[in-house]
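Listed here are the chains, written in short residue letters.
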Amino acid sequence: MSFSKLGLSEAVLKGVQAVGYTEPTAIQVRAIPPVIEGRDLIASAQTGTGKTAAFALPILTRLKQHGKCRCLVLEPTRELAAQVETAFRDYARFTDLRAALIHGGVGYHNQQRELQRGVDIVAATPGRLEDHLNRRTLHLNDIEILVLDEVDRMLDIGFLPAVKRLVSLCPKARQTLFFSATVPPEIAQFAAWALR
């Protein structure tokens, strides 16, 4: 199987080649086509199996070109949010799509400036995202694709109430993708509530 058979756009395929990927991993082969089709998805795979590319590549294909902030990726830690934002930038290098990183532990100024310039994708931690929503420097009205990544870790950290609040602020008519190393019963219940 090659990436070219998965339905990715030409610009995204060029991004894949530029980062040096040759063959998709199992999670990528199984996740990319349904994400491109706009279906909701719950995917479980261990760390290091290429989960980020499994959602980032089809999302970039679906978004096509620069517009409003249409994709939100929630991560449990700033390190993961930073990795995901970097991956989106790398894969999107031959597109005009823009990603921004929103996390705590740093000032608001640079994040606000980035958001004002206009972004298509936001990779965020729940706490800082809620801060930006309260400050009205960002809204979720145009979100078409919501990714909840490392959901089991969010549960461990105690982020589930905040994540539920954030999910309920996104439009009902959206695509929702769950990625988690494990799917304990609490996550299965949450997924049943959040996914179509």
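A few points about the confidence of the model for the protein chain
For residues with low pLDDT, the predicted coordinates do not support detailed interpretation.
Move 1: Confidence in the prediction for the protein chain averages 93 pLDDT; 100% of positions are at 70 or higher.
Move 2: Mean pLDDT values over the elements of the protein chain span from 83, in helix H7 (residues 151-157), up to 98, in strand E2 (residues 71-74).

Re the environment of Gln-65
Move 1: When you line up the elements, Gln-65 lands in the loop between helix H3 (51-63) and E2.
Move 2: Residues Gln-65 and Asp-96, spaced 31 residues apart in sequence, show a C-alpha to C-alpha distance of 6.0 Å.
Move 3: Excluding its chain neighbours within four sequence positions, the residues that come into contact with Gln-65 are Arg-70, Asp-96, Leu-97 and Asp-120.

Remarks on the packing of helix H2 (residues 26-36) against H3
Move 1: Running from N to C, H2 and H3 point in directions that differ by 25 degrees, and their axes come no closer than 9 Å. Compared by their axis directions, H2 and H3 come out roughly parallel. Here H2 and H3 pass one another in a crossing that is right-handed. Residues Ile-27, Gln-28, Ala-31, Ile-32, Val-35 and Ile-36 of H2 pack against Lys-51, Ala-53, Ala-54, Leu-57, Pro-58, Ile-59, Thr-61 and Arg-62 of H3.

So, the nonpolar core
Move 1: In this structure, Phe-55, Leu-57, Ile-59, Phe-88, Leu-177 and Phe-179 are the most contacted members of the largest nonpolar core, which totals 36 residues.
Move 2: No other element matches the 8 residues that H3 contributes to this core.
Move 3: Residues in contact with Phe-55, not counting those within four places in the same chain, are Val-73, Glu-75, Val-84, Phe-88, Val-147, Asp-149, Leu-177 and Phe-179.

A word on the packing of aromatic side chains
Move 1: Here the structure, examined in full by the defined rule, presents 6 aromatic pairs.
Move 2: Consider the rings of Phe-55 and Phe-179, whose centres lie 5.1 Å apart with planes at 55 degrees: the pair is tilted. With Phe-55 in helix H3 and Phe-179 in strand E6 (residues 175-180), the pair connects residues that are 124 residues apart, well separated along the chain.
Move 3: Note on Phe-55: relative accessible area 0%, which makes it buried.
Move 4: Aromatic pair Phe-190 and Trp-193: ring centres 5.7 Å apart, planes at 20 degrees, arrangement stacked. Here Trp-193 and Phe-190 lie together in helix H9 (residues 185-194), a separation of 3 residues that amounts to about one turn.
Move 5: Owing to a relative accessible area of 2%, Phe-190 belongs among the buried residues under this scheme.
Move 6: Three or more aromatic residues joined by ring pairs make a cluster, and in this case those are Phe-3, Tyr-21 and Tyr-91.
Move 7: Here the basic side chain of Arg-128 rests over the ring of Tyr-108, its NZ or CZ set 3.9 Å away from the ring centre.

Structural notes on helix H1 (residues 10-18)
Move 1: All of the buried residues along H1 are Val-12, Leu-13, Gly-15 and Val-16. Take H1 and look down its axis: the buried residues cluster within an arc of 155 degrees, on one side only. Away from its buried face, by an angle of more than 90 degrees, H1 presents the exposed residues Glu-10 and Gln-17.
Move 2: Residues of H1 that are buried in the fold lie against H3 and helix H4 (78-91).
Move 3: Positive backbone phi, at 90 degrees, marks Gly-20, one or two positions downstream of H1.

Reading the values: rules and limits
Residues numbered from 1 in each chain as written. Predicted model: local features only at pLDDT ≥ 70, side-chain atom pairs only at ≥ 80, totals over all residues. Heavy atoms only, no water. pLDDT = per-residue confidence, 0-100. Helix = DSSP H or I, 4+ residues; strand = E, 2+ residues; numbered from the N terminus. Contact = heavy atoms within 4.5 Å. Axes fitted to C-alpha atoms, helices over the stretch in contact; angles between N-to-C directions. Parallel < 35°, antiparallel > 145°, perpendicular 65-115°, else oblique. Left-handed = near helix turned anticlockwise from the far one by under 90°. Core = buried A, V, L, I, M, F, W, Y, C linked by side-chain atoms within 4.5 Å. Buried < 20%, exposed > 50% of the residue type's maximum accessible area, 1.4 Å probe, protein only. Phe/Tyr/Trp six-rings, centres within 6.5 Å; stacked < 30°, edge-to-face > 60°. Lys NZ or Arg CZ within 6 Å of the ring centre and 35° of its normal. Arc of directions from axis to C-beta.

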